[in-house]
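Coordinate inspection notes
This is what each chain is made of:
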Amino acid sequence: MARGKFITFEGGEGAGKSTQVRRLAEHLRALGLDVVVTREPGGSPSAEAIRGLLLSGRVRALGTLGEAYLFAAARMDHIAETIEPALERGAWVICDRFADSTRVYQGAADGLDVEIVDDLERIAVGNCRPDLTIVIDLPVDVGLARVAGRSGNGTGDRFEAEAVAVHEARRQGFLGVAAANPDRCVVIDGAREADAVTSDIAALVTGRFGLAIGGRA
Ligand code: T5A
């Protein structure tokens, strides 16, 4: 059985990642592929427990480095328990956020030294690198308005509730990751209607992997 493909989605708050992850999974399943949808932080029982700690803000006192260790620990377990077994059996894995989020949130936007980010990524990710990363880009105010509309009060979790300048630094961070990794990353304009974004992503994935009806290249 050929190894499956690993596709990650990245971007700021409210970019529409979860929406597009779901829709891409439907598209690929309709082509006959075995698809596993997962997310970070989380995606395995232990990693989901760490997610609860991180998003609640209860471990904020650990500082950016401490949080980065927790994201990396969650990622190692997620890869071992969920991602690698799925890829090995030939499934396609679609992941809502992955290592680029640490590079951007804890690194570019929160000041963690790039050498530490590189080391953590090497230790936690190893060779389990995405085949394709879709960066959904949109203006910060559009993303935050979507998140506020969803939560009803605009407060959000530990990472959503930060200053607009921080969100802008994250946006630029993701664009920087995409520019530095042009073979792996594709930037999609996420400020449009969800259906337009979906059809661009379906065309991208179909073309990139040479998919035909039946899911075979
Ligand atoms: N984090 C994560 C780190 O700091 N370091 C790391 O290493 C990792 C892995 C995760 C947080 O952890 C941080 C980053 C995050 O802050 P999360 O709850 O998983 O927290 O947060 P997000 O990944 O940001 O998820 P969101 O749900 O906030 O955003 P999405 O998934 O981008 O957006 P989505 O699809 O849920 O859509 C948001 C709303 O907009 C609507 C949807 O219906 C929904 O209501 N929507 C649209 N509306 C109009 N037009 C469109 N095109 C739309 N697309 C979606």
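Now for a description of the structure that goes with this document. (Residues numbered from 1 in each chain as written. Predicted model: local features only at pLDDT ≥ 70, side-chain atom pairs only at ≥ 80, totals over all residues. Heavy atoms only, no water.)

**Structural notes on helix 8 (residues 194-208)**
Rules: Think of it this way: any DSSP run of H or I at least four residues long counts as a helix, any run of E at least two long counts as a strand, and we number them from the N terminus. To estimate how far a helix should extend, the number of its residues minus one is multiplied by 1.5 Å. Three exposure classes are used, based on accessible area relative to the maximum for each residue type with a 1.4 Å probe and protein chains only: buried under 20%, partly exposed in between, and exposed over 50%. When we speak of the arc, we mean the arc of directions from the helix axis to the C-beta atoms. Whether two residues are in contact is decided by their heavy atoms: any pair within 4.5 Å suffices.
An ideal rise of 1.5 Å per residue puts 21 Å on 15 residues; helix 8 measures up with 21 Å between its terminal C-alpha atoms. Listed in full, the buried residues belonging to helix 8 are Val197, Thr198, Ile201, Ala202, Leu204 and Val205. The arc that holds the buried residues of helix 8, viewed along the axis, is 165°, so those residues lie on one side. Residues of helix 8 that are exposed and point over 90 degrees away from its buried face: Asp195, Ala203 and Gly207. On the buried face of helix 8, the contacting elements are strand 1 (6-11), helix 1 (17-30), strand 3 (92-96), strand 4 (132-137) and strand 5 (185-189). Just past helix 8, the residue Gly210 takes up positive phi, approximately 60°.

**Details of the side chain of Glu84**
For clarity, the cut-off: Whenever two N or O atoms come within 3.5 Å, that pair is a polar contact, provided that in protein one can donate a hydrogen and the other can accept it, and provided that, for residues adjacent in sequence, both atoms are side-chain atoms.
With respect to the helices and strands, Glu84 occurs in helix 3 (residues 63-88). Glu84 sits in the buried class, given a relative accessible area of 18%. At 2.8 Å, the side chain of Glu84 and the side chain of Arg3 are in polar contact.

**Considerations on the site of the ligand**
The cut-off we apply is this: By convention in these notes, a residue is near a molecule or strand provided one of its non-hydrogen atoms lies within 4 Å of it. Surface exposure here means Shrake-Rupley accessible area, sampled with a 1.4 Å probe, where a residue is shielded only by the protein chains that are shown. Three classes are used, and their members are as follows: Ala, Val, Leu, Ile, Met, Phe, Trp, Tyr, Cys and Pro are nonpolar, Asp, Glu, Lys and Arg are charged, and the others, Gly among them, are polar.
Around the ligand sit 28 residues, and of these Lys17, Ser18, Thr19, Thr102 and Arg150 come closest. Within the contact set of the ligand, an oxygen atom lies 3.1 Å away from a backbone nitrogen or oxygen of Ala15. Arg51 places a side-chain nitrogen or oxygen 3.2 Å from an oxygen atom of the ligand. In isolation the ligand has 1,000 Å² of accessible area, and contact with the protein removes 83% of it. For the shell around the ligand, the secondary structure elements donating two or more residues are helix 1, helix 2 (45-56), helix 3, helix 4 (99-108) and helix 6 (140-151). Ranked by the residues each element gives to the shell around the ligand, the list is headed by helix 4, at 4 residues. By residue class, the composition of the shell around the ligand is 8 nonpolar, 8 polar and 12 charged.

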